[in-house]
Amino acid sequence: MTLWEKAYLPEILRGLSITTGIFLRNMARWITGRKGALTTYYPEEQRPDYAPRNRGKHILTQRPDGSPQCIACNMCATVCPAKVIEIEAGFDANDPAHPKFPVRFEIDYSRCVFCGLCIEACPEDAIRMVPATPGLPSTDRFNMWLTMDEMLTWNPHHDVAKPYPPKGGDPILRGDVSSTH
Ligand code: SF4
Ligand code: SF4
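Only a predicted model underlies this, so the values are computations on that prediction, with no experimental measurement involved. (Residues numbered from 1 in each chain as written. Chains lettered and ligands numbered in written order. Predicted model: local features only at pLDDT ≥ 70, side-chain atom pairs only at ≥ 80, totals over all residues. Heavy atoms only, no water.)

Undergrad: What exactly am I supposed to notice about the overall build of the protein here?
TA: Within the protein, the regular secondary structure consists of six helices and five strands. Put simply, of all contacts in the protein between residues at least 6 apart along the chain, 64% involve residues at least 24 apart. When the accessible surface of the protein is summed, it comes to about 12600 Å², and 60% of that surface belongs to carbon and sulfur atoms. (Helix = DSSP H or I, 4+ residues; strand = E, 2+ residues; numbered from the N terminus. Contact = heavy atoms within 4.5 Å. Areas by Shrake-Rupley, 256 points an atom, 1.4 Å probe, with all protein chains shown as cover.)

Undergrad: I tried to follow the site of ligand 1 on my own but got confused; where do I start?
TA: If you check the shell around ligand 1, you find His58, Cys80, Pro81, Val84, Ile85, Cys112, Val113, Phe114, Cys115, Gly116 and Cys118 and nothing else. Taken together, the residues of the shell around ligand 1 sort by class into nine nonpolar, two polar and no charged. (Near = heavy atom within 4 Å. Nonpolar A, V, L, I, M, F, W, Y, C, P; charged D, E, K, R; others polar.)

Undergrad: How should the site of ligand 2 be read in this particular structure?
TA: The full set close to ligand 2 counts 13 residues, and Cys70, Cys73, Asn74, Cys76 and Cys122 are the nearest of them. When grouped by side-chain class, the residues that make up the shell around ligand 2 number 12 nonpolar, one polar and no charged.

Undergrad: Would you explain helix α2 (residues 9-31) in this entry?
TA: Side chains three or four residues apart in an α-helix point the same way, a direct result of the helix having 3.6 residues per turn. The terminal C-alpha atoms of α2 lie 32 Å apart, and with 23 residues this matches the ideal 33 Å at 1.5 Å per residue to within 8%. Note on α2: the residue one or two positions beyond its end, Gly33, has a positive phi of about 85°. (Expected span 1.5 Å × (residues − 1).)

Undergrad: What's the story with the sheet that holds strand β2 (residues 85-91) in this structure? I'm lost.
TA: Two pairing modes exist for strands in a sheet, parallel and antiparallel, and in both the strands are linked by backbone hydrogen bonds. Sheet architecture is open: three strands sit in the order β2-β3-β5, paired in antiparallel fashion. Taken across any chain shown, the strands that pair with only one partner, and hence form the sheet edges, are β2 and β5 (145-146). Two elements, β2 and strand β3 (residues 100-108), share seven bridges in a ladder whose sense is antiparallel. Its bridge partner lying in β3, Glu88 is registered against Arg104. (Pairing = 2+ DSSP bridges.)

Undergrad: Whenever I open this one, the pairing of strand β4 (residues 127-130) confuses me. Can you help?
TA: Each regular strand displays side chains that alternate between the two surfaces of the sheet. On β4, burial covers both faces: Ile127 and Met129 on one face and Arg128 and Val130 on the other are all buried. With four bridges connecting them, strand β1 (residues 57-60) and β4 associate as antiparallel partners. Among the inter-strand pairings, Leu60 is bridged to a residue of β4, identified as Ile127. (Buried < 20%, exposed > 50% of the residue type's maximum accessible area, 1.4 Å probe, protein only.)

Undergrad: Mind showing me how you'd approach the nonpolar core here?
TA: Side chains that are nonpolar tend, in soluble globular proteins, to be buried together. In this structure, Leu60, Val84, Ile85, Ile87, Phe105, Ile107 and Ile127 are the most contacted members of the largest nonpolar core, which totals 25 residues. For this core, the secondary-structure elements that each account for two or more residues are α3 (75-79), β2, β3, α4 (117-121), β4 and α5 (148-152). Every residue in contact with Val84, bar those within four places of it in the chain, is listed here: Glu106, Ile107, Asp108, Arg111 and Cys112. (Core = buried A, V, L, I, M, F, W, Y, C linked by side-chain atoms within 4.5 Å.)

Undergrad: Help me out: how do you make sense of the side chain of Arg63 in this one?
TA: With respect to the helices and strands, Arg63 occurs in the loop between β1 and α3. No salt bridge is formed by the buried Arg63, whose closest oppositely charged neighbour, Glu124, lies at an N-O distance of 5.0 Å. Reaching out from Arg63, the side chain makes a polar contact with the backbone oxygen of Pro68 at a distance of 3.4 Å. In this structure Arg63 touches Pro68, Gln69, Cys70, Ile71 and His98, once residues within four positions along its chain are discounted. (Lys, Arg positive; Asp, Glu negative; His and termini not counted. Salt bridge = Lys/Arg side-chain N within 4 Å of Asp/Glu carboxyl O. Polar contact = N/O pair within 3.5 Å; in protein donor to acceptor, adjacent residues only side chain to side chain.)

Undergrad: Sorry, what's going on with the confidence of the model for the protein here?
TA: Any region with low pLDDT has predicted coordinates that should not be read closely. Overall, the prediction assigns the protein a mean pLDDT of 83, with 86% of residues at 70 or greater. By mean pLDDT, helix α6 (residues 171-174) is the weakest element of the protein at 42, and α3 is the strongest at 97. In the model, residues 169-181 has pLDDT below 50 throughout and makes 11 contacts with residues more than four positions away in sequence or in other chains. (pLDDT = per-residue confidence, 0-100.)

Undergrad: Would you explain the pattern of salt bridges in this entry?
TA: Opposite charge on two side chains makes pairing possible when the charged atoms of those side chains draw close. A full pass over the atoms with the stated rule returns eight salt bridges. Notably, a salt bridge pairs Asp108 with Arg111, separated by 3.3 Å at the nearest N-O pair. Residue Asp108 is classed as buried on the basis of its relative accessible area, which comes to 4%. Through salt bridges with shared partners, a single network forms among Glu86, Glu88, Arg104 and Glu106.

Take a look at the structure:
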């Protein structure tokens, strides 16, 4: 570290000058009726330009016949650090391929931290987070529960689950080539 860097004071003054410059610029914009700081006055204003990879609203994917892909295994609820996913499982003996299904699937958005761990944990690509924001503001926290119906018909787009194993996975597991072992 040079003596100049060890002194710290020049860097502190440089930082203060940047902060003061931005403050004065925003103040001048505010006084002249233009928008001030580069911020969004949520919820009155909402950004239309979330990145495609933004993890916002949760959705549940569906099988081609429209039923939920979810097999009610509870892995997402188990891994959720905020413990905000509630699943009630049903059983259909007439569907041996997918006997378990969710009767109720809800997320308490007032406590969700949008970490995405539920998505990572799902073995079925049954739950995803799409770029759209969930529309959270409410005067009552009990209005902030996201229901299964909302997650299945969110846009009212219907997302079909990816085939398993997902494309790009092991071609042998995917069944595209046969193993020589
Ligand atoms: S995003 Fe995180 S906190 Fe929210 S439901 Fe999923 S695991 Fe829980
Ligand atoms: S969303 Fe995925 S992890 Fe959660 S219960 Fe359904 S299948 Fe299991």
